[in-house]
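# Examination of the molecular architecture
Here is how the chains run, residue by residue.
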Amino acid sequence: MNDFEKAAKVFEALQAAEREPVEKALPILNGLVGLVQGSGEQPLEIEEARSGAFMAICEVGKALHRGQPADQLWAAAMGATERWMSLAK
């Protein structure tokens, strides 16, 4: 699976997880770890975008786990993932 396909799967999963209650969203987010881990084989710009998506997704997970509002964090995670997708095309 190439980076674009990984980013697209992550984006779809984020959209699905956002609609779910916390107890269902957290396992979806945890399942994304393998897709957002970098191999270091891509150009630096793509690796940075992937890393940014990973960090943004972690922030969503932390907020959900702590019972904090995550609306803006979802948007940031999706935006970072879209950036990763656009660079990986």
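Report on the accompanying structure. Everything numeric in this text was worked out from a predicted model, so none of it was measured.

## Looking at the overall build of the chain
A count of helices and strands for the chain gives five helices and zero strands. N-terminal to C-terminal, the α/β element order of the chain is α-α-α-α-α. Relative to the globule expectation of 12 Å for 89 residues, the C-alpha radius of gyration of the chain, 12 Å, shows essentially globular dimensions. Dimensions of the chain along its principal axes, counting C-alpha atoms only, are 35 × 20 × 20 Å. A burial count over the chain gives 38% of its 89 residues as buried. Long-range pairs, those at least 24 residues apart, make up 67% of the contacts in the chain with a sequence separation of at least 6. Taken as two groups, the 9 positive and 13 negative side-chain charges of the chain have centres that lie 3 Å from each other.

## Here we look at helix α1 (residues 3–18)
Between the first and last C-alpha of α1 there are 22 Å, a value that for 16 residues agrees with the 22 Å anticipated at 1.5 Å per step. For α1, the N-terminal capping position is held by N2, with its side-chain oxygen 3.0 Å away from the main-chain nitrogen of F4.

## Details of the environment of P27
You can see P27 is positioned in helix α2 (residues 22–30). Separated by 49 residues in sequence, P27 and A76 have C-alpha atoms that sit 19 Å apart.

## A look at the packing of helix α4 (residues 44–66) against helix α5 (residues 71–88)
At a minimum axis distance of 8 Å, the contact between α4 and α5 shows a crossing angle of 160 degrees. It follows that α4 is roughly antiparallel to α5 by the angle criterion. For the pair α4 and α5, the sense of crossing is left-handed. Listed contacts from α5 to E45, I46, A49, R50, G52, A53, A56, I57, E59, V60, A63 and L64 of α4 are L73, W74, A76, A77, A80, T81, R83, W84, L87 and A88. Here the contact of α4 with α5 is composed, by residue class, of 16 nonpolar, two polar and four charged.

Rules behind the numbers
Residues numbered from 1 in each chain as written. Predicted model: local features only at pLDDT ≥ 70, side-chain atom pairs only at ≥ 80, totals over all residues. Heavy atoms only, no water. Helix = DSSP H or I, 4+ residues; strand = E, 2+ residues; numbered from the N terminus. Rg over C-alpha atoms; globule rule 2.2 N^0.38 Å. Buried < 20%, exposed > 50% of the residue type's maximum accessible area, 1.4 Å probe, protein only. Contact = heavy atoms within 4.5 Å. Lys, Arg positive; Asp, Glu negative; His and termini not counted. Charge placed at Lys NZ, Arg CZ, Asp CG, Glu CD. Expected span 1.5 Å × (residues − 1). Polar contact = N/O pair within 3.5 Å; in protein donor to acceptor, adjacent residues only side chain to side chain. Axes fitted to C-alpha atoms, helices over the stretch in contact; angles between N-to-C directions. Parallel < 35°, antiparallel > 145°, perpendicular 65-115°, else oblique. Left-handed = near helix turned anticlockwise from the far one by under 90°. Nonpolar A, V, L, I, M, F, W, Y, C, P; charged D, E, K, R; others polar.

Worth remembering: the numbers are spatial, not functional.
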